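# Chain and residue survey
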Amino acid sequence: MTDSIQERLYQLLPVLYRRRDLAYGEPLRALLAVLEGEYRDLETDLQAQYDNWFIETCDAWVIPYLADLVGVRELAQPKYVFSTQRRQIANTIGYRRRKGTLATLEHVLRDTSNWFVSAVEFAQRLALTQHVNHVRLDQGRTVDMRQAASFASADDPWAGWAHTFDVHNPAEAQLDDPPRAGQRRGRYQMDQIGLYIWRLPSYPVRNSRARPVAVRPRSGTVRPQETVLQGAEGDGRYRFHPLGRDMQLFTRPRAALDIASRMTAAHVPARLTRQALAADLNHFRDRFQMRTPGERPRNSELYGPERSVCVLVDGQPIPPYDVFAVDLARWRSAAAREVYRAYQETGPVALIDPVLGRLVVLNAGDATHPGHITVHYSYGFSDDIGGGPYHRRFPGSDGDVPWQIDVAEGTEVSTLQEALRQWLAYCQREPYPQGVIRFLDNGAYGGSLEVPLPPGASLAIVADNGVRPAIEAIGRLVIKLTEPLVPPPGGEQGGAIPQRTLALNGLLIEGGVRIQGARTAAQTHGPVSIDLAHCTLMATGIETDTALTAGQAAALSVQLDCCIVGPLLLDADLGQLSLSNCIIDAAGRYALAGPGPLVGPAVCLAHTTVFGRVWVRDLGANEVIFVDPIQAAQPATGQSVQRSYIPPGSIGLDGAPYAAINPEVEPPQFVSTRYGDPAYAQLSVHCAPAILGGAANGSEIGAFSTRHTVQAEANLRAALAEYLPLALRPALFVQT
């Protein structure tokens, strides 16, 4: 901003007054500068008032007032407002005009709860004898034995099969994920409407390198048809997950633009099943088998470059005609062998198992070439943590950094080693270097990786928005706190040195992180800060080197936000350790402790879920779930523990039972505790109210407090009270 724009009031004064003001030290200019600031604030507020007239552009605090104008009363009370409720307010008049229709009910519930909902009138699915003169085509029909895919989805909202009257107890209007053991909830009754709910969002990943399956040598003779499916080097077996884990694939939902249109399978983020994908690909082959390859479309309903899943060889997608959905649980199923025998002389062929996230590519040429096989896919998860293709803020996003390197496969800087080499060269030229290494794709970057961090340096290694690169370090990603590489400016000795910082953001790191110190005392080189945000470090986490001195550890602080990490084995003398909105998963081992393991440092946790034992000097916890017993200083002598679950068996450092244990609260229940599952670390709805609604904002405690499950369910019930068709009882069925 130029001086003439910043000083509009001062520039309006005559030149004579400005000259006299200059002679007296510019007191008038200083006075008008204060008035100019107030004028700019008033001008900004006036401009914002126009935006606040519209629900699409207004500030968050204006939403309840606009809602009150159209009679949406439930937003008048202070609580969390979902982003989708802007659409609810914008379409309220249209919804009320269509009140009583299933399409309106689906859209209203989607807007109020931020969940995807499909409504089914079970009376329309009952097997009834119809009058021949009044045939209802939308009534449930008999099962088509030729459609094998429909058998696995007989209870889906779009199956359409007729059912006999269900005499079990009616399903209740409460969430159930899954139902308790031994319970059978009645569905198909005359006065019941089923609401199928998908709570997990779907995250699309594009151009991610498929992870080859590690091959173990086999003895004996291998037949040619087994080579591609069984264990020879470069045998064409892959997994979609960047870390080589089994993973359920999800569909990529399409937007429903018309409020009068019903929700279909294409509009919800559902689990992608083998039967659904096979039916879609078979339908594509039946429809376009008479056309030449150039005349066939690039996409089917579920497969293709613009759909939920796609396989590419050297950047070119395998067409849907040459893709098959099979069960690859044992990698050598009969269906896989049959496909190989039929297509061993053709071009590239892909076999996909969407339930396990496994892939076999046949006839693809040099399968050992890095990046030879890439994939598009979507996965489901509870919230925006651990990194992924969602928007987030990261260091250097504003572009105001003195040094930056962009890394992407196929570009001038295509490896992380090359970027770190250039960073080291930059550090050898500048006394206090500041820079950013930014990844631009979903590639995999491996090798022996060491990040040098000299005194006064500031480095951020980040992933651009929409991507999640995988760092496959040999051993661990080493953070080396080096000695000075350049003398301080002006030859200063012993002066104040800026804090050296390292920020990791949006990365998927395999092998974990090790922090190594320099040979000299860290106090002479200033404090050190290691910040991780939206990163995943599985199955190993972060550890400090055993050679780290007490002085170096005291000058070191580690902060984690929105991360999924393995064990944190850090020196007991660590200056600061804090985590917020994180999941720590040690799989029954020590999740928080010192190397050895020994006693770990003082730690401050907020909105975190911890799987594994804890042994630390001091513990501060706010809205934290500890699954396994802990050992720490008693709350009376250490930091406070608030709104947290402490399991029985926890003790203080004095050996006495931990004072914060609440024996009246039942242990938390999780839908899944396996990393890679869509509902990983997600609390079950059967948990105690102190856990599901124990947070200060009324939401659940633990890592997913920002999901606002309690508020979403309350909004859903409030909408049902207004928009549910007359004389029908709601039944809620959680799909994800």
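Structure shown above.
Computed from a predicted model, the values in this text were never measured in an experiment.

All right, on to the overall build of the chain then. Within the chain one finds 15 helices and 37 strands. The 736 residues of the chain split such that 50% are buried. A fraction of 65% describes how many contacts in the chain between residues 6 or more apart in sequence connect residues 24 or more apart. Of the roughly 34,200 Å² of accessible surface on the chain, a fraction of 52% belongs to carbon and sulfur atoms.

What the three strands build is an open sheet, ordered β1-β2-β37; its pairing is mixed. Strand pairing shows two members of the sheet lacking a second neighbour, β1 (116–121) and β37 (729–734), which therefore form its edges. Direction aside, neighbouring strands of the sheet carry axes that sit 25° apart on average. Pairing analysis gives six bridges linking β1 to strand β2 (residues 192–198), with the strands arranged antiparallel. Counted as the bridge partner of Val-120 is Gly-194 from β2.

Note on sheets: strands pair through backbone hydrogen bonds, and any given pair is parallel or antiparallel. Strand order in the open sheet formed by four strands is β3-β11-β6-β7, and the pairing between neighbours is antiparallel. Among the strands making up the open sheet, the edge pair consists of β3 (202–209) and β7 (316–317). Sheet analysis places β3 next to strand β11 (residues 373–380), joined by six bridges and oriented antiparallel. The residue bridging Ser-208 from the neighbouring strand is Val-375, located in β11.

Now for the pattern of salt bridges. Under the counting rule described, the total for this entry stands at 22 salt bridges. Salt-bridge contacts for Glu-722 lead to Lys-99; the nearest nitrogen and oxygen are separated by 3.7 Å. Of this pair, Glu-722 sits in helix α15 (residues 709–723) while Lys-99 sits in the loop between α7 (92–97) and α8 (102–113), and the two are 623 residues apart along the sequence. A salt bridge links Glu-510 to Arg-211; the nearest nitrogen and oxygen atoms lie 3.2 Å apart. In this pair, Glu-510 sits in strand β20 (residues 508–510) while Arg-211 sits in strand β4 (residues 211–212), placing the two residues 299 residues apart along the sequence. On the accessibility criterion, Glu-510 (24% relative accessible area) is partly exposed. In this structure, a network of salt bridges that share partners links the residues Arg-96, Lys-99 and Glu-722.

By the element assignment, Val-599 lies in the loop between β29 (583–593) and β30 (603–606). Owing to a relative accessible area of 27%, Val-599 belongs among the partly exposed residues under this scheme. Along the chain, Val-599 and Val-614 lie 15 residues apart, while their C-alpha atoms are 8.9 Å from each other. Once you skip the residues sitting within four places of it in the chain, Val-599 turns out to touch Ala-572, Ala-593, Gly-594, Trp-615, Val-616 and Arg-617.

Quick look at the packing of α8 against α15 now. It is the contact of α8 with α15, at a shortest axis distance of 8 Å, that shows an interaxial angle of 150°. Compared by their axis directions, α8 and α15 come out roughly antiparallel. Where α8 crosses over α15, the two elements pack in a sense that is right-handed. Counting all contacts with α8, which are made through Thr-104, Leu-105, Val-108, Leu-109, Thr-112 and Ser-113, the residues of α15 involved are Ala-712, Asn-715, Leu-716, Ala-719, Leu-720 and Tyr-723.

Moving on, we get to the pairing of strand β6 (residues 310–313). Both faces of β6 are covered, namely the face carrying Cys-310 and Leu-312 and the face carrying Val-311 and Val-313. Looking at chain direction, β6 and β11 are connected through four bridges and run antiparallel. When the bridges of β11 are listed, Leu-312 appears paired with Thr-374. For β6 and β7, the ladder comprises two bridges, and the chain directions are antiparallel. Bridged to Leu-312 within β7 is Pro-317. Once β6 ends, the chain turns through two residues before running back antiparallel as β7, passing Asp-314 with a positive phi of about 55°.

Once that is clear, we can look at the environment of Leu-508. Secondary-structure assignment places Leu-508 in strand β20. In this structure Leu-508 comes out as buried when scored by relative accessible area, which is 0%. Not counting residues up to four positions away in its chain, the partners in contact with Leu-508 are Pro-242, Leu-243, Arg-468, Pro-469, Ala-470, Ile-471, Thr-536 and Tyr-675.

By size, the foremost hydrophobic cluster in this structure holds 68 residues, and its most contacted members are Ile-461, Ile-530, Leu-560 and Phe-626. Counting residues per element, this core draws most heavily on helix α12 (residues 416–427), which supplies six residues. Setting aside its immediate chain neighbours within four residues, Ile-530 contacts Leu-453, Ile-479, Leu-502, Ile-515, Leu-556, Ser-557, Val-558 and Gln-559.

This paragraph deals with α15. For α15, with 15 residues, the first-to-last C-alpha span of 21 Å sits near the 21 Å given by 1.5 Å per residue. Along α15, the positions that sit buried rather than exposed are Thr-709, Gln-711, Ala-712, Asn-715, Leu-716, Ala-719, Leu-720 and Tyr-723. Here the buried face of α15 lies against α6 (85–90), α7, α8, β2 and β37.

A word on a nonpolar patch on the surface. Taken together, the side chains of Leu-16, Tyr-17, Leu-28, Leu-31 and Leu-35 define a hydrophobic patch exposed on the protein surface, amounting to about 460 Å² of accessible area. Of all the secondary structure elements, the ones that give two or more residues to the nonpolar patch are α3 (15–23) and α4 (27–51). If you tally residues by element for the nonpolar patch, the top one is α4, at three residues. Here Tyr-17 is to be found in helix α3. When its relative accessible area of 45% is taken as the criterion, Tyr-17 is described as partly exposed.

For α8, built from 12 residues, the straight-helix expectation of 16 Å at 1.5 Å per residue is met to within 8% by its first-to-last C-alpha distance of 16 Å. Judged by how many residues are buried, α8 sits mostly within the fold: 12 of 12 residues are covered. Within the span of α8, buried status applies to Leu-102, Ala-103, Thr-104, Leu-105, Glu-106, His-107, Val-108, Leu-109, Arg-110, Asp-111, Thr-112 and Ser-113. Once α8 finishes, Asn-114 follows within two positions and takes phi at roughly 65°, a positive value.

Both the distance between ring centres and the angle between the ring planes are used here to describe each pair of aromatic rings. Inspection of the entire model under this criterion finds 17 aromatic pairs. Considering the side-chain rings of Phe-240 and Tyr-377, the 5.7 Å spacing of their centres and the 75° angle between planes classify their relative orientation as edge-to-face. Residue Phe-240 is located in the loop between β5 (237–239) and α10 (274–288), and its partner Tyr-377 is located in strand β11; the two are separated by 137 residues in the primary sequence. The pair formed by Phe-240 and Tyr-377 is uniform in burial state, with each residue classed as buried. Cluster of aromatic residues (ring-pair linked, three or more members): Phe-611, Phe-670, Tyr-675 and Tyr-680.

What follows deals with unusual backbone geometry. Backbone geometry places His-534, a non-glycine residue, at a positive phi of 55°. Its location among the elements puts His-534 in the loop between β22 (528–533) and β23 (536–537). The backbone phi angle of His-607 is positive, close to 50°, even though this residue is not glycine. Relative to the helices and strands, His-607 resides in the loop between β30 and β31 (609–615).

How each quantity is defined
Residues numbered from 1 in each chain as written. Predicted model: local features only at pLDDT ≥ 70, side-chain atom pairs only at ≥ 80, totals over all residues. Heavy atoms only, no water. Helix = DSSP H or I, 4+ residues; strand = E, 2+ residues; numbered from the N terminus. Buried < 20%, exposed > 50% of the residue type's maximum accessible area, 1.4 Å probe, protein only. Contact = heavy atoms within 4.5 Å. Areas by Shrake-Rupley, 256 points an atom, 1.4 Å probe, with all protein chains shown as cover. Pairing = 2+ DSSP bridges. Axes fitted to C-alpha atoms, helices over the stretch in contact; angles between N-to-C directions. Salt bridge = Lys/Arg side-chain N within 4 Å of Asp/Glu carboxyl O. Parallel < 35°, antiparallel > 145°, perpendicular 65-115°, else oblique. Left-handed = near helix turned anticlockwise from the far one by under 90°. Core = buried A, V, L, I, M, F, W, Y, C linked by side-chain atoms within 4.5 Å. Expected span 1.5 Å × (residues − 1). Patch = residues over 30% accessible without salt bridge, like charges linked within 9 Å, V, L, I, M, F, W, Y side chains within 5 Å. Phe/Tyr/Trp six-rings, centres within 6.5 Å; stacked < 30°, edge-to-face > 60°.

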